[in-house]
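# Overview (structure and organization)
Listed below, chain by chain, are the residues.
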Amino acid sequence: TNFCQFKLASEVVNAVGSAASNAFASAGGEAFANAATEGFGEWIGAFSETIDTFIVVSLLSFVVGVAFLILLRFFIGVCVWLSIIATIGFFILGGAVSIVRSG
């Protein structure tokens, strides 16, 4: 057949034997084929069963995002200045270490 199917490595076939390897391969292929037969209706059904979770997660994500933006508005200046001071400090520290290590 021209279908992509599960195949066991030769080391596994040698270890468990050909009969067991054929059983494992067919069981894996059947399980995958059975799982792949879900349709659009089943997806909609699963979505409708979990719609309350989607709503709660959406609302919480919105609240956390807005809170983050509000806090970012107040703390962005502090973050920028700290990063500038840290960069200058690391340049000074790196220069001092270079001078000390050079002898």
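Structure first, text after, so check above.
Throughout, a residue's number is its position along its own chain's written sequence, starting from 1. Totals for whole chains, interfaces and linings use all residues, but because this is a predicted model, local features are given only for residues with pLDDT of at least 70 and pairs of side-chain atoms are given and counted only at 80 or more. Only hydrogens and water are removed before side-chain values are computed, so all heavy atoms of the structure are retained for them.

## Regarding the overall build of the chain
For the chain, the count of helices and strands is four helices and zero strands. Counted from the first residue to the last, the chain has its helices and strands arranged as α-α-α-α. Looking at the chain as a whole, 1% of its 103 residues qualify as buried. Residue burial considers only the protein chains on display, and all accessible areas are found by Shrake-Rupley using a 1.4 Å probe. Within the structure as shown, the chain displays about 9,100 Å² of accessible surface, and the carbon and sulfur contribution to it stands at 73%. By the criteria applied, helices consist of DSSP H or I runs no shorter than four residues and strands consist of E runs no shorter than two, each listed in order from the N terminus. Burial here depends on accessible area, computed with a 1.4 Å probe over protein chains only, as a share of the maximum for the residue type. Under 20% is buried, over 50% is exposed, and the range in between is partly exposed.

## Side note on the packing of aromatic side chains
Here is the rule: rings of Phe, Tyr and Trp (six-membered ring for Trp) pair when centre to centre is within 6.5 Å. Planes less than 30 degrees apart are stacked, more than 60 are edge-to-face, and the remainder are tilted. Taken as a whole and judged by the stated rule, the model has one aromatic pair. Seen in terms of ring centroids, F47 and F54 are 4.9 Å apart; in terms of plane orientation they differ by 40°. Their pairing is tilted. Given a relative accessible area of 39%, F47 falls into the partly exposed group.

## Description of the packing of helix α3 (residues 40-49) against helix α4 (residues 51-102)
Axis geometry follows a simple rule: fit a line to the C-alpha atoms, using only the stretch in contact for helices, then measure angles between N-to-C directions, giving values from 0 to 180 degrees. The geometry of α3 relative to α4 is characterised by a closest axis approach of 4 Å and an angle of 60° between their N-to-C directions. Judged on the interaxial angle alone, α4 and α3 are oblique. Of α4, the residues touching α3 (which contributes F47, S48 and E49) are I51, D52 and F54. Residues that form the contact of α3 with α4 fall into these classes: three nonpolar, one polar and two charged. Angle categories: roughly parallel below 35 degrees, roughly antiparallel above 145, roughly perpendicular from 65 to 115, and oblique for all the rest. Contact between two residues is taken to exist if any of their heavy atoms lie within 4.5 Å; hydrogens are not considered. In this count, Pro and Cys sit with the nonpolar residues alongside Ala, Val, Leu, Ile, Met, Phe, Trp and Tyr, while Asp, Glu, Lys and Arg are called charged and the others, Gly among them, polar.

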